[in-house]
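# Structural characterization, general
Okay, here's what each chain looks like letter by letter:
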Amino acid sequence: MSKIGNMRGFLASSIGVTCAAALALPLTPPAAAVNTPAAASAAATAAPTDNAATATGSRSTAEASGGTQSLPLAPLTRDRTLGRADEQGLLRRDVRHFSLVGVVWDDPTTELHGRVQVRTRAVGTGTWSDWQDVETHNAEHGADPDTAEGASGRVRGATAPLWVGDCDGVEVRVRADAATSAPHTDETTGGPRAATVTSPLPAGLRLELVDPGEDTASATARTTAEGTKAPAATEDRGARAATAHVTAPEPLAGRIAGRIAGRGTVPAAAPDNALTAVQASAANAELSVPLGATAIPALDRKATERELSVLRTGESARYPRAKPYIGPRPRIVTRHGWGANEKLREQWFGYTNTVKAAFVHHTATGNGYKCAQAPSVIRGIYRYHVVSMGWRDIGYNFLVDKCGNIYEGRAGGVAKPVMGAHTLGFNTNSMGIAVLGTYSSTKPSAATVTAIARLTAWKLGLHGGNPRGKTYLKSGGGNLYRKGKNVRLNVISGHRDGFATECPGRKLYGKLGTARTAAARYQGR
């Protein structure tokens, strides 16, 4: 049976220790990330822009911190016989800047049987894109139904998000599929009329336009320079963000916030994000990573084995004492490194017992991003998962870009068995790795496959997993396996192995055998 660790107790008992550590340890300043993708993204997103309705000027503090525009869809056509709208959408319109788009609806148990397409207008050129398809089958990603996250009442049905780059205009259409029932003839006042049966669209369809904002270091620096706290972005869905907060005495909180920003004391109104950033960073303290670090450095095999010895001493029940088949720890960009706004997520951490399997996914966000934009893509996915879909944090435990960079996902510590929301029915005792992009017909890069192998060799090795082996997981319920069934799976599986889905795309799924072999080799097997 899965054990979920509610971290409220941890926070209550150790906030003083964390705060003291924040003041005692030197926090890595944002400049340390100059050679990382996060730094390049910060430079790209800091370009002077404004929304389409006003003259071009410097980026506002609201835009710098990111935001979500949530727009209700309207009927575009109406079937007069059935009296319902079988196509909804929005005609071309000017909007505030956004880079990621998706469609959500009220009931997460309702599927959207139809086609979602968007057109967007690029900032700068004013050019409208062609119609782009948005992946509609996304219900298989999410928290298990019986968990607190899955039963929170905040979760929405949603498409996968699509990365479109910096845009300020949008048009969307959602068309219902023809249902499987046969066409029939209706008797009308004008005589017999052939009728086509269509699947109804879900209720409460809304277009979500996500501005990922600048990374937190850039946003904090901008706020300090302006001498004011950056206001929260206006969004319809702000009420679904986390409401649990950790508090500390004002002067101490202010100094912690300043140390994270590398700028001394900041305005007293800013401590919430500072404290949650300390909390997220402190979750990796067992790896001897300084608070506020933008990346966890790679280790060689001997150093990794020494680190495992230390971890076993501290938490022997979590890290098995068998012979250490473990790959060298890879470099991992932290949440601070990719610019997570820690105020968005719920503040407690959830854990499962161990990590017996890794499920590989693709984000289905498209492949049009540059590697320097990857942190911005992740910030967009994070905001979409939490603000638009109602999850407690980003769903994946790790993310990998097409250049092979590895990123920390859901908060709680990269070495720990953090409970994710990635593979419906199999989130217990597993981890989820999402590759940024769509890999149905596009091959993943060699660097991406290598990154998957290195990450799984290390993380599965921490918990005694053999990348070429098999394991059993108990299903929490899904469309392939009934709830409670013990299912035999590859230790490195694709999402489609646990749920009937196209994820992680045919081309990426075909490379998992290569990843298993390489990961076992990195472990010394």
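Since the model is a prediction, treat every value here as computed from it, not as a measurement. (Residues numbered from 1 in each chain as written. Predicted model: local features only at pLDDT ≥ 70, side-chain atom pairs only at ≥ 80, totals over all residues. Heavy atoms only, no water.)

## Concerning the confidence of the model for the protein
- In the predicted model, the protein carries a mean pLDDT of 78, and 69% of its residues have values of at least 70.
- Confidence drops under a pLDDT of 50 for residues 1-62, and excluding neighbours within four residues, the segment shows 123 contacts in the predicted structure.
- Counting interchain partners and residues more than four positions distant, the pLDDT-below-50 stretch residues 219-271 has 100 contacts. (pLDDT = per-residue confidence, 0-100. Contact = heavy atoms within 4.5 Å.)

## A look at the pattern of salt bridges
- Taken as a whole and assessed by the stated rule, the structure comprises 14 salt bridges.
- With a shortest N-O distance of 3.5 Å, Glu171 and Arg92 are connected by a salt bridge. Pair noted here: Glu171 is in strand E7 (residues 162-176) and Arg92 is in strand E3 (residues 84-105), with a separation of 79 residues, a long-range link.
- A relative accessible area of 13% means that Glu171 is categorised as buried.
- Of the charged contacts, one joins Arg115 and Asp133 as a salt bridge, the two residues approaching to 2.8 Å between their closest N and O atoms. (Salt bridge = Lys/Arg side-chain N within 4 Å of Asp/Glu carboxyl O. Helix = DSSP H or I, 4+ residues; strand = E, 2+ residues; numbered from the N terminus. Buried < 20%, exposed > 50% of the residue type's maximum accessible area, 1.4 Å probe, protein only.)

## Here's the deal with the packing of aromatic side chains
- Inspection of the entire model under this criterion finds four aromatic pairs.
- Ring geometry for Phe359 versus Phe426: centroids 6.1 Å apart, planes at 40°, classification tilted. Taken together, the residues span a long stretch of sequence, with Phe359 in strand E13 (residues 357-362) and Phe426 in the loop between strand E15 (406-408) and strand E16 (430-435) at a distance of 67 residues.
- Among the residues examined, Phe426 registers a relative accessible area of 2% and is labelled buried.
- Centroid distance Phe426 to Tyr481: 6.1 Å. Interplanar angle 85°. Geometry classified as edge-to-face. On the criterion of sequence distance, the pair formed by Phe426 in the loop between E15 and E16 and Tyr481 in the loop between strand E17 (470-474) and strand E18 (486-490) is long-range, its members being 55 residues apart.
- Three or more aromatic residues joined by ring pairs make a cluster, and in this case those are Phe359, Phe426 and Tyr481. (Phe/Tyr/Trp six-rings, centres within 6.5 Å; stacked < 30°, edge-to-face > 60°.)

## Some thoughts on the state of the cysteines
- The final tally for this structure, using the stated rule, is one disulfide.
- Each sulfur in the disulfide pair Cys371 and Cys403 lies 2.0 Å from the other. Looking down the S-S bond of the Cys371 and Cys403 bridge, the torsion is 90°, so its handedness is right-handed. On the criterion of sequence distance, the pair formed by Cys371 in the loop between E13 and helix H9 (374-388) and Cys403 in the loop between strand E14 (398-400) and E15 is long-range, its members being 32 residues apart. (Disulfide = S-S within 2.5 Å.)

## Remarks on the nonpolar core
- Formed by 66 residues in total, the largest nonpolar core has its most connected members in Phe398, Leu399, Leu436 and Trp458.
- Residue contributions to this core peak at nine residues, all from helix H10 (residues 446-462).
- Beyond its immediate chain neighbours, meaning those up to four positions away, Leu399 contacts Ile378, Ile394, Asn405, Ile406, Tyr407, Glu408, Gly409, Ala434 and Leu436. (Core = buried A, V, L, I, M, F, W, Y, C linked by side-chain atoms within 4.5 Å.)

## Quick notes on the environment of Arg410
- Tracing the backbone shows Arg410 in the loop between E15 and E16.
- Residue Arg410 is classed as buried on the basis of its relative accessible area of 2%.
- Sequence separation of Arg410 and Ala280 is 130 residues, and the distance between their C-alpha atoms is 9.5 Å.
- Aside from chain neighbours lying at most four places away, what touches Arg410 is Glu149, Arg335, Arg392, Asp393, Ile394, Gly395, Tyr396, Asn397, Val418, Met419, Gly420 and Ala421.

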